[in-house]
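Spelled out from the first residue to the last, the chains are:
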Amino acid sequence: MFESTRRLAVFGSHATAPLDGIVSWLVQELGAVAISASSRIVTFLDTFDWRCHDNDLALSCEAVAGSCSLALTLTASATGTTVQTLETPRAPRFARELPESPLRQQLTPILDVRALLPVLQVRYDTRQMAVRDHEAKTVLRIVAEEAWAAPPTHPGEEARVGVTLSLLALRGYPKAARKAAKAIQEKLGAVETADGFLAAAFGAIGRAPGGYSAKLDVALAPEMRADQALNAIFSKLLDTMEQNEAGTIADTDPEFLHDFRVAVRRSRSIFSQIKGVLPSAIAAKFSEELRWLGEVTGPTRDLDVYLITMEDYIQRLPAQVRSYLAPLIAFLREKQQAAHQNLATALKSERYARFVQQWRAYLNTPVPQHVETPFGATAVAEIARNRIWRTFRRAVKEGIAISAQSPACQLHELRITCKKLRYLLEFFQSLFPKDDMKALVTTLKALQDNLGSFQDLEVQRAKLVQLAEEMLALRGTPVRTFFAMGQLFASFEQRQQADREEFQSKFEAFIRAEQSELYRRNFGGAAVTAAEP
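Being a predicted model, the structure only gives us computed values, none of them experimental.

Reading guide: rules and limits
- Residues numbered from 1 in each chain as written.
- Predicted model: local features only at pLDDT ≥ 70, side-chain atom pairs only at ≥ 80, totals over all residues.
- Heavy atoms only, no water.
- Helix = DSSP H or I, 4+ residues; strand = E, 2+ residues; numbered from the N terminus.
- Buried < 20%, exposed > 50% of the residue type's maximum accessible area, 1.4 Å probe, protein only.
- Contact = heavy atoms within 4.5 Å.
- Areas by Shrake-Rupley, 256 points an atom, 1.4 Å probe, with all protein chains shown as cover.
- Lys, Arg positive; Asp, Glu negative; His and termini not counted.
- Charge placed at Lys NZ, Arg CZ, Asp CG, Glu CD.
- Salt bridge = Lys/Arg side-chain N within 4 Å of Asp/Glu carboxyl O.
- Core = buried A, V, L, I, M, F, W, Y, C linked by side-chain atoms within 4.5 Å.
- Pairing = 2+ DSSP bridges.
- Phe/Tyr/Trp six-rings, centres within 6.5 Å; stacked < 30°, edge-to-face > 60°.
- Lys NZ or Arg CZ within 6 Å of the ring centre and 35° of its normal.

**Q** Can you walk me through the overall build of the protein in this structure?
**A** If you tally the helices and strands in the protein, you get 16 helices and 9 strands. Principal axes of the C-alpha set define a box for the protein whose edges measure 90 × 70 × 50 Å. Taken across its 533 residues, the protein has 46% of its residues classed as buried. Of the contacts formed within the protein by residues at least 6 apart in sequence, a portion of 72% connects residues at least 24 apart. When the accessible area of the protein is evaluated, it comes to approximately 26100 Å², of which 53% is carbon and sulfur surface. Side-chain charges of the protein comprise 64 positive and 61 negative groups, with the mean position of each set lying 1 Å from the other.

Set out below in structure tokens:
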């Protein structure tokens, strides 16, 4: 029926004109006839870290007229083109809650375990209009929409975005659309737009999509004093903790706690790896508080990981066996909820509030001109080179010592060293060539993934035995659940053995000549080879 569609946004001197004023202009100048008027509310959804936006997608949700259902629409942000649609009884929190559909298949790898959150609400007041020729035949449809944006948490605080005019050219009447578009552009100052004011709508409420990232991106100068550099890194990590605090307390999704905990671990790593830069009293005081936060966040995060990975492993078991594990999943969720309550209590405590206030106050205080610590005034690049080179050599030495018969604890020790190395590379990445750092982190991450999977399975095997003992003591658990847990334990062993067999190739990639040369060139020292002790 429609040959083409053009969407025009009204800017310029007419940008503040109300919808009714623009409709009157269309009637007077184009001879348009009003057909209908309506209003609808559209809620845009995304994750806390903007995964839809980062993939150039926009996910919206609105009520279906005359139904109790909701319509989900996935569009390409750049063009406004509809990619997927789905009608569902309720708005999903996670991709896995969607019915099996192309939309679910597309969103699952993008969202992963992150929850969808309302990020924008837009009210569209719409006027459907028609332009007819001298024979009273409709030659053009015009949809005039006025958008009002509001934060989802305060829907009454609307801000006007503007008006868009969609020109729907009927087949056989292209001239009518071209003539109308020309008049609208010339008289109203309208311009072509693809996203239906989505970017402008975010701007109207003072939001900027893509405003959060847990990645460390701290710009340092090579000659910057080490104490100034560390304070800048600590400040970024404290920002991340505070940004994820509310989501962690609410248990919105597991990634809030993950990002919070990683920021804590990174902060602790600075204190443990880089000594003599900050005053010893400050290091002792705040490292102790960070140690406490590591303790209170650990149990919940461990159970989060267990539940996430459990879903993957369970799917590999026969369907009948999977159903037997329902009591285990329920038991794990009960333990996770109890652990989370303890965590939430800690993050709402006076101790935590005092830590944040005092740590922020210290980090915001300019470093003293007279440095009393051994390395506070040392150039940060010198500190970085020394620590990265020493940690790399330690990782090489530990890895070379590992054989097929080595106990799991040796791989765990190497995992810890690699994690320290990764943190150092991330802390000081801005001091060294970007391409070199990217290559080093990519190879190191592959080794870390292997060691992390191996260690997670080691922990999960021990945890599964502990859970079986606890469930047995409680009585009432079906025998078939313990049978299924035995099969799950066996699958853990098989996967862990596969990880061990993959370790050598991952480690060899980590210490190959090109990688060793990158470390030597950037951080100093002789190239490290497998023959070196």
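**Q** Looking at this model, I keep getting lost on the pattern of salt bridges. Mind explaining?
**A** For side chains bearing opposite charge, pairing can occur when the charged atoms are close. Evaluated as defined, the whole model comprises 29 salt bridges. The closest approach of N and O atoms between Asp-253 and Arg-114, which form a salt bridge, is 3.1 Å. Taken as a pair, Asp-253 in the loop between helix H6 (226-250) and helix H7 (254-273) and Arg-114 in the loop between helix H3 (102-111) and strand E6 (117-132) lie far apart in primary sequence, 139 residues in all. Exposure class is identical for Asp-253 and Arg-114. Each is buried. The shortest N-O distance in the salt bridge between Arg-495 and Asp-499 comes to 3.8 Å. Taken together, the positions of Arg-495 and Asp-499, both in helix H15 (residues 479-511) and 4 residues apart, correspond to about one turn of that helix. Taking relative accessible area as the criterion, Asp-499 reaches 4% and is therefore assigned buried. By sharing partners, the salt bridges in this structure join Asp-49, Arg-51, Arg-114 and Asp-253 into a single network.

**Q** Explain the nonpolar core to me, please; I cannot follow it from the model alone.
**A** In globular proteins that are soluble, nonpolar side chains generally tend to be buried together. Counting 68 residues, the largest nonpolar core has Phe-428, Phe-510 and Tyr-519 as its most contacted members. In this structure, Tyr-519 is in contact with Ile-388, Trp-389, Phe-392, Leu-421, Leu-425, Leu-440, Phe-510 and Gly-524, ignoring residues within four places of it in sequence. Formed by 25 residues, the second largest nonpolar core is a distinct cluster that contains Leu-19, Trp-25, Leu-165 and Ala-177.

**Q** Help me out: how do you make sense of the environment of Val-131 in this one?
**A** If you trace the backbone, Val-131 turns up in strand E6. On the basis of relative accessible area, Val-131 is assigned to the buried category, the value being 11%. Sequence separation of Val-131 and Gly-31 is 100 residues, and the distance between their C-alpha atoms is 6.3 Å. Among all residues touching Val-131, those that are not within four sequence positions of it are Leu-30, Ala-32, Lys-137, Thr-138, Val-139, Leu-140 and Ile-142.

**Q** How do you make sense of the pairing of strand E7 (residues 138-150) when you look at a structure like this?
**A** Successive residues of a regular strand alternate their side chains across the two faces of the sheet. Within E7, 10 of the 13 residues are buried, which leaves it mostly tucked inside the rest of the structure. Here E6 pairs with E7 via 12 bridges, running antiparallel. Looking at the pairing, Arg-127 lines up with Ala-144 of E7. Connecting the antiparallel pair E6 and E7 is a turn made up of 5 residues, with Ala-136 showing a positive phi of about 65°. Pairing of E7 with strand E8 (residues 159-170), which is carried by 10 bridges, proceeds in the antiparallel orientation. If you follow Ile-142 over to E8, its bridge partner there is Leu-167.

**Q** Honestly, the packing of aromatic side chains in this entry has me stumped. Any pointers?
**A** What characterises a pair of aromatic rings is the spacing of the ring centres plus the angle enclosed by the ring planes. Following the criterion strictly, the structure yields 23 aromatic pairs and no others. The interplanar angle of 35° and the centroid separation of 6.5 Å between the aromatic rings of Phe-286 and Tyr-362 together place this pair among those described as tilted. In this pair, Phe-286 sits in helix H8 (residues 280-315) while Tyr-362 sits in helix H11 (residues 350-364), placing the two residues 76 residues apart along the sequence. Taking 5.7 Å as the distance between ring centres and 20° as the angle between the ring planes, the aromatic pair formed by Phe-503 and Phe-507 counts as stacked. Of this pair, Phe-503 and Phe-507 both sit in helix H15, 4 residues apart, which is roughly one turn of that helix. Assigned by exposure class, Phe-503 and Phe-507 land together as buried. In this structure an aromatic cluster arises from ring pairing among Phe-234, Phe-260, Phe-271, Phe-286, Tyr-352, Phe-355, Trp-359 and Tyr-362. Across from the ring centre of Phe-94, 4.2 Å away, lies the NZ or CZ of Arg-96, which sits over that ring. Taking the ring centre of Trp-292 as reference, the NZ or CZ of Arg-351 above it sits at 4.2 Å.

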